[in-house]
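Architecture and fold: a report
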Amino acid sequence: MAGQNLSPVPNRSKRLVFWGVLSVVLLFAPIRWWDKLILIPLFGVVLGTYRRFRISPGVLKQRWTIAFFDRPPLNFRLKRYTRIEVKYVAQTSTGEAMMFGLLGFLFGWILDAFFPWLGGTYQIWFVRGTDEQVLAWQGSSQVHYENNLETLKASSGLEAIVR
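This report concerns the structure included in the present document.

Rules behind the numbers
- Residues numbered from 1 in each chain as written.
- Predicted model: local features only at pLDDT ≥ 70, side-chain atom pairs only at ≥ 80, totals over all residues.
- Heavy atoms only, no water.
- Salt bridge = Lys/Arg side-chain N within 4 Å of Asp/Glu carboxyl O.
- Helix = DSSP H or I, 4+ residues; strand = E, 2+ residues; numbered from the N terminus.
- Buried < 20%, exposed > 50% of the residue type's maximum accessible area, 1.4 Å probe, protein only.
- Pairing = 2+ DSSP bridges.
- Axes fitted to C-alpha atoms, helices over the stretch in contact; angles between N-to-C directions.
- Expected span 1.5 Å × (residues − 1).
- Arc of directions from axis to C-beta.
- Contact = heavy atoms within 4.5 Å.
- Polar contact = N/O pair within 3.5 Å; in protein donor to acceptor, adjacent residues only side chain to side chain.
- Core = buried A, V, L, I, M, F, W, Y, C linked by side-chain atoms within 4.5 Å.

A look at the pattern of salt bridges
Scanning the entire structure with this criterion turns up seven salt bridges. Across the salt bridge formed by E132 and R80, the nearest N and O atoms sit 2.9 Å from each other. Separated by 52 residues along the polypeptide, E132 in strand 8 (residues 132–139) and R80 in the loop between strand 5 (74–77) and strand 6 (83–88) bring together distant segments of the chain. Looking at R80, the relative accessible area reads 41%, which means it is partly exposed. In this structure, E85 and R83 form a salt bridge, with 3.0 Å as the shortest nitrogen-oxygen distance. Taken as a pair, E85 and R83 share a single burial class, namely buried.

In structure tokens form, the structure reads like this:
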């Protein structure tokens, strides 16, 4: 995948090491073997699944890694799109805490903070008309959002609209 990665780029080796340590801890945990056989692969899927975005001149590449296995990249030609749209999705709040309890509130916050490709407060989309759009980046960091938006604007030549 030639071009520039949009940050942050997930670190596969750190994830593999964390999964290995977690698996060893689970092997010695006082739980049933059946539970261990389910939890170890499940943690591998959760820790090894992420999405990466890469911008090249005229092309946005989106690649999923599922359970540490890379899928082929999806290529989107930027000349098809007319603008960049930025959406801000509010993080979990007291409303979620009241509806789902403190555990639901914490779970939403953990997902936003540690797994931004599953959620995240900032979303940057390439848009064409009213019916066609493609996700260009998603995350929770203000710094990464600002850097990636500038990179996408410079690479595509499109103007950004904040919603």
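Description of the sheet that holds strand 8
Strand order in the open sheet made by the four strands is 8-7-6-9, with mixed pairing throughout. Each edge of the open sheet is held by one strand with a lone partner, namely strand 8 and strand 9 (160–162). Sheet twist, expressed as the mean angle between neighbouring strand axes with direction ignored, is 25 degrees. Inspection of the sheet shows strand 7 (residues 122–128) paired to strand 8 by seven bridges, in the antiparallel sense.

Here we look at helix 1 (residues 12–28)
Here helix 1 spans 25 Å end to end across 17 residues, near enough to the 24 Å set by a 1.5 Å rise per residue. Turning to helix 1, its buried residues are R15, S23 and L26. The buried residues of helix 1 occupy one face: seen down the axis, they fall within an arc of 70 degrees. Residues of helix 1 that are exposed and point over 90 degrees away from its buried face: K14, V17, V25 and F28. Buried residues along helix 1 sit in contact with helix 2 (33–47) and strand 2 (50–56).

Quick word on helix 4 (residues 142–156)
Each α-helix winds once per 3.6 residues, and so residues spaced three or four apart point in a common direction. For helix 4, with 15 residues, the first-to-last C-alpha span of 21 Å sits near the 21 Å given by 1.5 Å per residue. Among the residues of helix 4, Y145, N148, L149, T151, L152 and S156 are the ones counted as buried. Seen from one end, helix 4 has its buried residues packed into an arc of 165 degrees, which puts them on one side. Facing away from the buried side of helix 4 by over 90 degrees, the exposed positions are V143 and A154. Its side-chain oxygen 3.4 Å from the backbone nitrogen of V143, S141 forms the N-cap of helix 4. Directly after helix 4, the chain includes G157, whose backbone phi takes a positive value near 75 degrees.

Comments concerning the pairing of strand 7
Within strand 7, six of the seven residues are buried, which leaves the element mostly enclosed by the surrounding structure. The pairing of strand 6 with strand 7 spans six bridges and is classified as antiparallel. Opposite Y88, over in strand 7, you have Y122 as the bridge partner. The turn joining strand 7 and strand 8, which pair antiparallel and follow one another in sequence, is formed by three residues; a positive phi near 70 degrees is taken by G129.

Things to note about the nonpolar core
Membership of the largest hydrophobic core comes to 22 residues, with the highest contact counts inside it found for L60, I84, I124, F126, W137, Y145 and L152. Those elements giving two or more residues to this core turn out to be strand 2, strand 6, strand 7, strand 8 and helix 4. Here the element with the most residues in this core is strand 7; it accounts for five residues. Contact partners of W137, with chain neighbours within four places excluded, come to L6, S7, P8, F53, Y122, Q123, I124, H144, Y145 and N148.

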